[in-house]
Amino acid sequence: MPFIVDPQRVRDVLQEWASESEQRRLWLSDGANGSEISSFIEAREGLFTDTGLGSELDKRRTVFNVQADALLVELDTVLSKIDAYRRPNEIIADDKMEAVRVLADRLLHLIPTQ
């Protein structure tokens, strides 16, 4: 039985990838007063590992549709070229992050809502 990827979980993480302001809010947070916190690495794991998406794409199975799946592979490729072991504000300001945001925004229009 194939693994089913929850499109809403994927969309939730893509929202973080698509928005510089969300990245600033989450990645620069210290968690004080119960505020949400995230990071580049957590967001990448959240998208490709926690959802099972990476495994399904690695198996070359259609997850959403040909166009969305191709953009997800492209997004993973761009993310792999970003040095994740820097200060969050340096990562957010990285020129490659603009491509990440554009891809994530495009994906939000291709992945179905529930």
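Structure: above.
Residues numbered from 1 in each chain as written. Predicted model: local features only at pLDDT ≥ 70, side-chain atom pairs only at ≥ 80, totals over all residues. Heavy atoms only, no water.

Draft legend 1. Examining the overall build of the chain more closely. Along the backbone of the chain there are 7 helices and 0 strands. Its helices and strands taken in sequence order, the chain reads α-α-α-α-α-α-α from the N to the C terminus. Scaling as 2.2 N^0.38, a compact globule of 114 residues should have a C-alpha radius of gyration of about 13 Å, and the chain matches this with 14 Å. Counting only residues that meet the buried cut, the chain has 41% of its 114 residues in that class. Here the analysis covers contacts within the chain between residues at least 6 apart in sequence; of these, 64% occur between residues at least 24 apart. Surface summary for the chain: the accessible area is close to 6700 Å², and the carbon and sulfur share equals 49%. Considering the chain, the positive charge centre built from 14 side chains and the negative charge centre built from 21 side chains are found 4 Å apart. (Helix = DSSP H or I, 4+ residues; strand = E, 2+ residues; numbered from the N terminus. Rg over C-alpha atoms; globule rule 2.2 N^0.38 Å. Buried < 20%, exposed > 50% of the residue type's maximum accessible area, 1.4 Å probe, protein only. Contact = heavy atoms within 4.5 Å. Areas by Shrake-Rupley, 256 points an atom, 1.4 Å probe, with all protein chains shown as cover. Lys, Arg positive; Asp, Glu negative; His and termini not counted. Charge placed at Lys NZ, Arg CZ, Asp CG, Glu CD.)

Draft legend 2. Quick peek at helix 2 (residues 20-27). Of all the positions in helix 2, only Gln23, Leu26 and Trp27 are classed as buried. Axial view of helix 2: buried residues confined to an arc of 85°, hence all on one face. Packed against the buried residues of helix 2 are helix 1 (7-18), helix 3 (40-48), helix 6 (88-93) and helix 7 (96-110). (Arc of directions from axis to C-beta.)

Draft legend 3. The packing of aromatic side chains, seen in detail. Following the criterion strictly, the structure yields 3 aromatic pairs and no others. Taking the centre distance of 5.6 Å and the plane angle of 80° together, the rings of Trp17 and Trp27 count as edge-to-face. A residue pair is termed long-range when its members are at least 10 positions apart, and Trp17 in helix 1 and Trp27 in helix 2 qualify at 10 residues. Of the two residues, Trp17 and Trp27, neither departs from the other in class, the shared state being buried. (Phe/Tyr/Trp six-rings, centres within 6.5 Å; stacked < 30°, edge-to-face > 60°.)

Draft legend 4. Region of the structure containing the environment of Ile82. As for its placement among the helices and strands, Ile82 is situated in the loop between helix 5 (66-80) and helix 6. Separated by 44 residues in the primary sequence, Ile82 and Ser38 have C-alpha atoms spaced 17 Å apart. Among residues more than four places away in sequence, those in contact with Ile82 are Phe40, Ile91, Asp94, Lys96, Met97 and Val100.

Draft legend 5. Quick look at the pattern of salt bridges. Under the counting rule described, the total for this entry stands at 9 salt bridges. Taking the shortest distance from any N to any O, the salt bridge between Arg24 and Glu20 comes out at 3.1 Å. Taken together, the residues span about one helical turn, with Arg24 and Glu20 both in helix 2 at a distance of 4 residues. A residue is classified by how much of its surface remains accessible, and Glu20, at 34% relative accessible area, is partly exposed. Across the pair Glu22 and Arg25 runs a salt bridge whose closest N-O atoms are separated by 2.8 Å. In this pair, Glu22 and Arg25 are both assigned in helix 2, 3 residues apart and thus about one turn of the helix distant. Put simply, Glu22, Arg25 and Glu36 are held in one network by salt bridges that share partners. (Salt bridge = Lys/Arg side-chain N within 4 Å of Asp/Glu carboxyl O.)

Draft legend 6. Geometry of helix 5. In this model helix 5 runs 21 Å from its N-terminal to its C-terminal C-alpha over 15 residues, within 8% of the 21 Å that 1.5 Å per residue would give. Considered for burial, the residues of helix 5 that qualify are Ala68, Asp69, Leu71, Leu72, Leu75, Val78 and Leu79. Contacts from the buried residues of helix 5 go to helix 1, helix 3, helix 4 (53-58) and helix 7. Between the side-chain oxygen of the N-cap and the backbone nitrogen of Gln67 there are 3.2 Å, and the N-cap of helix 5 in question is Asn65. (Expected span 1.5 Å × (residues − 1). Polar contact = N/O pair within 3.5 Å; in protein donor to acceptor, adjacent residues only side chain to side chain.)

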